[in-house]
Amino acid sequence: MRRLAAMLATVLALAVGLAPLAAIAIDDPSEMLSDPAQEARAEAIGAQLRCLVCQNESIEDSSAGLARDLRHVVREHVARGESNRQIMDWMVDRYGNFIRLKPPLTIGTVLLWLMPVLALLVGGVVAFLSFRRARGTGPAPLSDDERARLTDLTRPR
């Protein structure tokens, strides 16, 4: 039992110790642009683009192969002299607004954020109206025949 606990502790220590190394994006100097201003621009654009594999990291922070390919594409566009807007438009045309870490505010995104609130409001109104309607109606009064039958059924024998 102690041996198993020691082995688990060793594996856990290795996993915790090596985890930061796995999170570091591998920067290949050959993929960097020779002009520092262009490289800074490419990094700024890449910081705004979502890694489609990791989804919560920019392509500059991700070590995924697809992120590396996207970094290369951004650097090609920067080297060609395209503006930041042109590069972002190209990426959005190719991958949709999901590629942006901060998508623009559109009617679709507003509806996406408001839909849970609208659902709660509609559900609350429906519940309020159904409880109000149910409280106002009671059982119908008994007819004379029903009252006579009830009396007959409940009379002790």
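Residues numbered from 1 in each chain as written. Predicted model: local features only at pLDDT ≥ 70, side-chain atom pairs only at ≥ 80, totals over all residues. Heavy atoms only, no water.

1. With respect to the environment of leucine 49
In step 1: By the secondary structure assignment, leucine 49 is in the loop between α2 (36-46) and α3 (65-79).
In step 2: Counting along the chain gives 54 residues from leucine 49 to proline 103, while the straight-line C-alpha distance between them is 9.8 Å.
In step 3: Setting aside anything within four residues of it in sequence, one finds leucine 49 in contact with Glu57, Ser58, Ile59, Val74, Met88, Met91, Ile99 and Leu101. (Helix = DSSP H or I, 4+ residues; strand = E, 2+ residues; numbered from the N terminus. Contact = heavy atoms within 4.5 Å.)

2. Some thoughts on a nonpolar patch on the surface
In step 1: Residues Leu105, Ile107, Val110, Leu111, Leu114, Met115, Val117, Leu118 and Leu121 make up a contiguous nonpolar surface patch of roughly 860 Å² in combined accessible area.
In step 2: Among the secondary structure elements, valine 110 is positioned in helix α5 (residues 107-136).
In step 3: The exposure class assigned to valine 110 is partly exposed, which follows from its relative accessible area of 34%. (Patch = residues over 30% accessible without salt bridge, like charges linked within 9 Å, V, L, I, M, F, W, Y side chains within 5 Å. Areas by Shrake-Rupley, 256 points an atom, 1.4 Å probe, with all protein chains shown as cover. Salt bridge = Lys/Arg side-chain N within 4 Å of Asp/Glu carboxyl O. Buried < 20%, exposed > 50% of the residue type's maximum accessible area, 1.4 Å probe, protein only.)

3. Focus on the packing of α3 against helix α4 (residues 84-95)
Helix packing for two helices is described by the angle between their axes and how far apart those axes are.
In step 1: At a minimum axis separation of 10 Å, α3 and α4 run at an interaxial angle of 140°. What the angle tells us is that α3 and α4 run oblique. Regarding α3 and α4, the two cross each other, and that crossing is right-handed. Here Leu70, Val73, Val74, His77 and Val78 of α3 lie close against α4, whose contacting residues are Ile87, Trp90, Met91 and Tyr95. (Axes fitted to C-alpha atoms, helices over the stretch in contact; angles between N-to-C directions. Parallel < 35°, antiparallel > 145°, perpendicular 65-115°, else oblique. Left-handed = near helix turned anticlockwise from the far one by under 90°.)

4. Overview of the side chain of histidine 77
In step 1: Relative to the helices and strands, histidine 77 resides in helix α3.
In step 2: Separated by 2.8 Å, the side chains of histidine 77 and glutamate 82 make a polar contact.
In step 3: Sequence-distant contacts of histidine 77, defined by excluding residues within four places in its chain, comprise Glu82, Ile87 and Trp90. (Polar contact = N/O pair within 3.5 Å; in protein donor to acceptor, adjacent residues only side chain to side chain.)

5. Focus: α3
In step 1: With 15 residues, α3 should reach 21 Å at 1.5 Å per residue; the first-to-last C-alpha distance of 21 Å fits that figure.
In step 2: Buried within α3 we find Ala67, Leu70, Arg71, Val73, Val74, Arg75, His77 and Val78.
In step 3: Tucked into the core, α3 has its buried residues touching α2 and α4.
In step 4: Count one or two residues on from α3 and you reach glycine 81, which has phi positive near 90°. (Expected span 1.5 Å × (residues − 1).)

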